[in-house]
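# Residue-level structure breakdown
Letter by letter, the chains look like this.
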Amino acid sequence: MQTKKVNFKKYSSFKIGPEVEVAIFNSPADNFKEYYLIGSCNNTLIGNNPPPLMMLSKKYDYIKIENNQLKIGGATPSGKIASFCKKNNIANLEFLSHLPGKLGGLVYMNAGLKEYEIFNHLIDITTPTGKKEKKDIKYGYRYTNIQEPILEATLELNYGFDITKVEMFKEMRANQPSTPSAGSCFKNPKNDYAGRLIEAVGLKGVMQGDMCFSKEHANFLVNMGEGKFEDAMTLINEAKKRVKELFDIDLECEIVILNQEYSS
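Along each chain, the written sequence defines residue order, and numbers are assigned to residues from 1. For a predicted model such as this one, the threshold for reporting local features is a pLDDT of at least 70, and the threshold for listing and counting side-chain atom pairs is 80 or more; totals across whole chains, interfaces and linings nevertheless cover every residue. Heavy atoms from the whole structure form the basis of all side-chain values; hydrogens and water molecules are not counted.

With that out of the way, let us pick up the confidence of the model for the chain. A residue's pLDDT is simply how confident the predictor is in it, with values from 0 to 100. Across the chain, pLDDT averages 92, with 97% of residues at or above 70. When pLDDT is averaged over each helix and strand of the chain, the minimum, 79, is found for strand E8 (residues 112-113) and the maximum, 98, for strand E7 (residues 69-73). Under the scheme used here, helices are H or I runs from DSSP no shorter than 4 residues and strands are E runs no shorter than 2 residues, and both carry numbers assigned from the N terminus.

What follows is the structure, encoded as structure tokens:
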């Protein structure tokens with residue numbers, strides 16, 4: 001199988017991780033089961049000893065209108081989708097303009113902003129073993145039970161791109177730091193906010209090496225320079241421990257942690 005050398009210190013949004021050989025998925029015949037599939041690593045913390053990794057080849061980077069539906073390849077970046085929708089006056093995917101990632105990863109975690117989620121408009125997905133309709137997939141807040149590479153997604157096609165929504169999503173993201181991070185570190189617990197809990201236990205702005213929970217938004221774990229995986233894990237574990245002790249709430253990571261010694 002074809003491979004590609006990827007330096008995760010440059011490639012991932014966290015700017016943390018080693019340089020490793022990543023397998024390239026080119027066809028449904030490729031064996032994907034031994035690998036963890038990655039996208040653009042916007043929500044991923046890569047450890048010093050990651051599991052075998054795989055990414056989709058560029059042939060899965062496309063957008064087309066077919067049978068009055070939107071067909072998007074799993075390797076297509078969200079920015080490209082947002083631009084296509086704006087250019088072609090397509091509605092309901094405006095939130096992707098402020099949500100980094102590739103289509104496969106966005107569908108896999110049912111990405112969104114507040115109640116605006118990718119599954120609101122999903123019809124089906126194509127995986128190496130065939131098509132799966134939305135009704136056959138379990139999904140919820142930032143969750144699906146998909147266990148295979150998402151090669152393509154079919155989405156509803158509605159017209160009427162709404163520029164006011166783009167502005168609204170921009171406002172939603174205004175308090176989020178521009179420092180390297182992987183987005184929201186923890187999922188919001190029911191009827192609460194992870195950022196509020198992290199601040200309440202005294203971890204907002206506290207440095208561990210070059211890592212800290214951002215002063216701008218406490219649920220963003222940020223890399224202030226030469227952040228290391230170990231420092232990130234120290235803060236994640238400390239936040240979980242303190243929040244459990246003080247509030248009896250189990251914080252669940254929204255970021256994906258890829259390291260063979262780690263188990264969540």
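From this point on, the discussion continues.
This next bit is on the pattern of salt bridges. We define a salt bridge as a side-chain nitrogen of Lys or Arg found within 4 Å of a carboxyl oxygen belonging to Asp or Glu. Tallied over the full model, the rule gives 14 salt bridges. For the salt bridge of lysine 187 with glutamate 252, the shortest nitrogen-to-oxygen distance reads 3.0 Å. Within this pair, whereas lysine 187 is found in the loop between strand E15 (181-184) and helix H5 (194-200), its partner glutamate 252 is found in the loop between helix H6 (229-247) and strand E19 (256-258), the two being separated by 65 residues in sequence. As a salt-bridge pair, aspartate 248 and lysine 244 come within 2.9 Å of each other at their nearest N and O atoms. Residues joined by salt bridges that share partners form a network here, namely Lys244, Asp248 and Asp250.

The strands that make up a sheet pair up through hydrogen bonds in the backbone, lying either parallel or antiparallel. A pair of strands counts as paired when DSSP detects no fewer than two bridges linking them. An order of E15-E18-E17-E16 is seen for the 4 strands of this open sheet, with the pairing classed as antiparallel. The open sheet terminates on both sides in strands that have one partner only, identified here as E15 and strand E16 (207-208). In this structure, strand E17 (residues 211-213) lies alongside strand E18 (residues 220-223), joined through 3 bridges in antiparallel fashion. Paired with methionine 211 across the bridge in E18 is asparagine 223. Note on contacts: a residue pair qualifies if any of its non-hydrogen atoms lie within 4.5 Å across the two residues. For helices, the fitted line uses only the C-alpha atoms of the stretch in contact; every axis is such a line through C-alpha atoms, and the angle between N-to-C directions lies from 0 to 180 degrees. Across the face of the sheet, H6 comes into contact with E16, E17 and E18 while running at roughly 30 degrees to E17.

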